[in-house]
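Structural characterization, general
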Amino acid sequence: MPFGEIVCGSPGSGKSTYCYGKHQLFTALERPISVVNLDPANDSISYPCAIDISSLITLKDVMEEHGLGPNGGMLYCMEYLEANFDWLEERLKELDPDTYVLFDLPGQVELSTNHDSVKRIVEKLTKIKFRTSHPPQLAAVHLCDAHYVTDASKYISVLLLSLRTMLHLELPHVNVLSKVDLISQYGDLDFNLDFYTEVQDLSYLENTLSASLSPRFAALNMAMIDLMEDYDLVGFETLAVEDKNSMINLMRVIDRATGCIFVPPSGSAAPPGTVDDTRAPPDSRPNTYALFSTAAGPLKGERSDVRDVQERWIDAKDEWDAYEKVQWRKEGELIREEAARSRTIRERNPLKPPSSQDVEMS
């Protein structure tokens with residue numbers, strides 16, 4: 001487990017859906033990946049789970065045995081996992097040493113903002129060594145529902161939550177506005193999307209906050225705005241988990257945060273359309289080993305610019321939906337034609353059983 005993610009966020013932010021989507025993406029890219037469920041209340045896991053905390057403890061059993069409520073029971077489960085960390089460590093050592101690991105945390109926000117058990121578990125994860133010579137490089141991926149940016153007061157609360165999580169977990173951190181493909185359902189934004197992702201001059205929110213809240217909170221509003229601007233740490237990426245380009249862009253951002261540079265195993269097939277210039281002169285031959293410069297360079301690709309994200313999901317969502325439906329239909333027709341062509345070739349050249357003469361000769 002040289003690299004991995006601590007996936008956290010409030011309930012309903014899309015953590016499990018993201019883990020499932022990332023598992024599908026990595027499988028398609030032939031990158032080894034394993035998902036670890038650390039939510040003892042999650043009894044309907046949607047993704048292939050390599051390690052499940054329910055094998056150790058469940059929230060239901062804790063509530064019944066100790067008479068605790070959901071919140072107290074969840075804290076107990078995390079403290080129990082911390083006390084029995086060797087259980088998790090042993091199962092992690094059974095995974096492939098090159099696998100990328102996702103840790104799906106519970107949605108109770110105080111676990112990643114105030115309570116110390118998850119923090120100490122993360123610290124242990126970053127220090128243990130598996131079958132590699134170096135401890136794993138982990139990043140915290142904090143998911144926030146994108147609809148919070150449609151309301152100024154909710155947006156400020158998400159900023160404070162993200163900042164508190166960053167300071168508490170003390171990991172390379174990527175904040176994500178999830179479900180950005182649904183943001184248009186909640187009304188128009190007061191500013192362009194980049195205002196919220198880049199956390200620009202928050203003083204522009206003062207009038208909106210004053211209009212929606214009592215005047216006695218004006219000083220408190222400005223104090224929170226000043227706090228966020230003084231730290232100047234929070235920024236957001238966007239995510240539409242069903243959009244391949246959005247998932248790939250976020251994958252590259254997280255790989256940069258952890259320092260991960262994925263190298264396909266030897267003998268793996270080259271991507272479609274790759275030009276073979278191995279026989280070209282040295283001065284014109286592509287440098288296939290310039291991996292670090294590629295990883296450290298500017299992010300390029302569809303949906304890598306927040307302005308493209310706004311056009312796709314806010315400004316021209318209906319037009320883009322119609323265009324993609326046409327493209328999907330064309331892709332489906334090409335796949336059907338290719339399948340029919342392959343079937344026709346097999347029918348023209350059926351496999352013939354060996355004749356008796358061939359058997360005698362052999």
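Residues numbered from 1 in each chain as written. Predicted model: local features only at pLDDT ≥ 70, side-chain atom pairs only at ≥ 80, totals over all residues. Heavy atoms only, no water.

1. Quick notes on the packing of aromatic side chains
Keep this limit in mind: Ring geometry is summarised as follows: Phe, Tyr and Trp rings, the Trp one being its six-membered ring, pair when their centres sit within 6.5 Å, and such pairs are stacked at plane angles under 30 degrees, edge-to-face over 60 and tilted between the two. By definition, any uninterrupted DSSP run of H or I lasting at least four residues is a helix, any uninterrupted run of E lasting at least two residues is a strand, and each is numbered from the N terminus. For every residue, the accessible area obtained with a 1.4 Å probe (protein chains only) is divided by the maximum for its type, and the residue is called buried under 20%, exposed over 50%, and partly exposed between those limits.
For the coordinates displayed, the defined rule picks out eight aromatic pairs. Centre to centre, the rings of Tyr-76 and Tyr-80 are 6.4 Å apart; their planes meet at 20°, and the pair counts as stacked. With Tyr-76 and Tyr-80 both in helix α3 (residues 70–83) and four residues apart, the pair spans about one turn of that helix. Tyr-80 gets classed as partly exposed once you look at its relative accessible area, which sits at 31%. Aromatic side chains Tyr-155 and Tyr-196 sit 5.0 Å apart centroid to centroid with 85° between the ring planes, which places their arrangement in the edge-to-face category. With a gap of 41 residues between them, Tyr-155 in helix α7 (residues 152–169) and Tyr-196 in helix α8 (residues 193–197) connect regions that are remote in the sequence. A relative accessible area of 2% means that Tyr-196 is categorised as buried. Here the aromatic cluster, defined as three or more aromatic residues joined through ring pairs, consists of Tyr-155, Phe-191, Phe-195, Tyr-196 and Tyr-204.

2. Let's talk about the sheet that holds strand β7 (residues 236–238)
The pairing of strands in a sheet comes from backbone hydrogen bonds and takes either a parallel or an antiparallel form. Rule in force here: By definition, two strands form a pair when at least two bridges between them are found by DSSP.
Read across the sheet, seven strands follow the order β3-β2-β4-β1-β5-β6-β7 without closing on themselves; strand pairing throughout is parallel. Of all the strands in the sheet, the pair left with one neighbour each is β3 (51–52) and β7. Bridge count between strand β6 (residues 173–178) and β7: three bridges; the pairing is parallel. Each residue of the ladder has a partner; that of Asn-175, found in β7, is Phe-236.

3. Side note on the side chain of Thr-58
For clarity, the cut-off: Note on definitions: a residue-residue contact is assigned when non-hydrogen atoms from the two residues lie within 4.5 Å.
Mapped onto the fold, Thr-58 is located in the loop between β3 and α2 (59–66). Relative accessible area serves as the criterion here: at 17%, Thr-58 is assigned to the buried category. Residues within four places of Thr-58 in sequence aside, it is in contact with Pro-40 and Cys-77.

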